[in-house]
Amino acid sequence: MRTPVMAGNWKMYKTPEETAGFFARFLEQVGNPADREIVICPPFVNIPAAVAATSGSVVRIGGQNLYWKTEGAFTGEVSGPMLRAAGCTHVIVGHSERRQYFSETDETVLARTRAALEAGLTPIVCVGETLEARESGETASVLTRQFQDGIAPLETAQFGQIVIAYEPVWAIGTGRTATPAIAAEAHVTLRRLAASRFGTDPADRVRILYGGSVKPDNIQTLMAEKEIDGVLVGGASLDPVSFATITNA
Ligand code: PEP
């Protein structure tokens, strides 16, 4: 039995004040469920406000990215130990917007994942194909490359600590959601890759989230698919009522 992870990615939205306002409304609607993990990843500057607002609740806070060095002359970067010291438990790695706009590669995804694990953070490692790749029948080969170069070099014990998010790029922020069957097929591909590299037990245990235009009106059908172990939500995680509906699904 894999405990679902319901994660929100706020991207570059909200101020610290808006962060406090969000949690005041969100927390009264979610209670303290023990059967799922709830994670919100706000912009870096909102992490202290988010950690303070969620103290004593089941909600966990994550970063949206990290650098692979612990400290140094790397202007504009934030390290794993810094996120940990600020109260984060999770961090998103390799989001498609990082891959698309900030030159993220499978190799840097691997370096960031290792750095997150060394800092005691749970990395939520994102993979997924573009529309072009899907339409040319290359979904499985893209996922295989992202897995082999970005995840497979981890040690088995490290693999046991990560969460994977399958996020087809064509479904992110577009209103186009993968059907549960499309998501399930990709999740099965990823789980097979995990089994051949790390063995069936670690592959059975790893949580694979779906992300891409998840909304209150499609969460039930997505979560009914046994291959989907939770969701990574962008736009709909910005509204406390929408995200509470999703996390309560
Ligand atoms: C995301 O940012 O990871 C995401 C899936 O965005 P959206 O839910 O808005 O498609």
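As shown above, the structure is provided for reference.
Parameters and conventions
Residues numbered from 1 in each chain as written. Predicted model: local features only at pLDDT ≥ 70, side-chain atom pairs only at ≥ 80, totals over all residues. Heavy atoms only, no water. Core = buried A, V, L, I, M, F, W, Y, C linked by side-chain atoms within 4.5 Å. Buried < 20%, exposed > 50% of the residue type's maximum accessible area, 1.4 Å probe, protein only. Helix = DSSP H or I, 4+ residues; strand = E, 2+ residues; numbered from the N terminus. Pairing = 2+ DSSP bridges. Near = heavy atom within 4 Å. Polar contact = N/O pair within 3.5 Å; in protein donor to acceptor, adjacent residues only side chain to side chain. Areas by Shrake-Rupley, 256 points an atom, 1.4 Å probe, with all protein chains shown as cover. Nonpolar A, V, L, I, M, F, W, Y, C, P; charged D, E, K, R; others polar. Contact = heavy atoms within 4.5 Å.

Visitor: Help me understand the nonpolar core in this model?
Guide: General note: in soluble globular proteins, nonpolar side chains tend to be found buried as a group. In this structure, F26 and I151 are the most contacted members of the largest nonpolar core, which totals 59 residues. One finds V5, A7, V39 and A165 within the second-largest nonpolar core, a separate group that totals eleven residues.

Visitor: What exactly am I supposed to notice about the pairing of strand β7 (residues 207-211) here?
Guide: Walk down a regular strand and you will see the side chains alternate between the two sheet faces. The buried count for β7 comes to five of five residues, which makes it a mostly enclosed element. Going residue by residue along β7, you find R207, L209 and G211 tucked away on one face and I208 and Y210 tucked away on the opposite face as well. Sheet analysis places β7 next to strand β8 (residues 230-233), joined by two bridges and oriented parallel. Looking at the pairing, Y210 lines up with V231 of β8.

Visitor: What exactly am I supposed to notice about the site of the ligand here?
Guide: In the vicinity of the ligand there are 14 residues, among which K11, E167, G173, S213 and G234 approach most closely. At 2.8 Å, a side-chain N or O of E167 approaches an oxygen atom of the ligand. Protein chains bury 98% of the 290 Å² of accessible surface belonging to the ligand in isolation. In terms of residue class, the shell around the ligand is made up of four nonpolar, eight polar and two charged.

Visitor: When you look at helix α12 (residues 240-247) in this model, what are you seeing that I'm missing?
Guide: Because each turn of an α-helix spans 3.6 residues, side chains separated by three or four positions end up pointing in the same direction. Burial analysis of α12 places six of its eight residues in the buried class, the great majority of the element. Within the span of α12, buried status applies to P240, S242, F243, A244, I246 and T247. Residues of α12 that are buried sit in contact with β1 (5-9), α1 (16-30), β2 (37-41), α11 (219-223) and β8. For α12, the N-terminal cap is D239; the gap from its side-chain oxygen to the backbone nitrogen of V241 is 3.2 Å.

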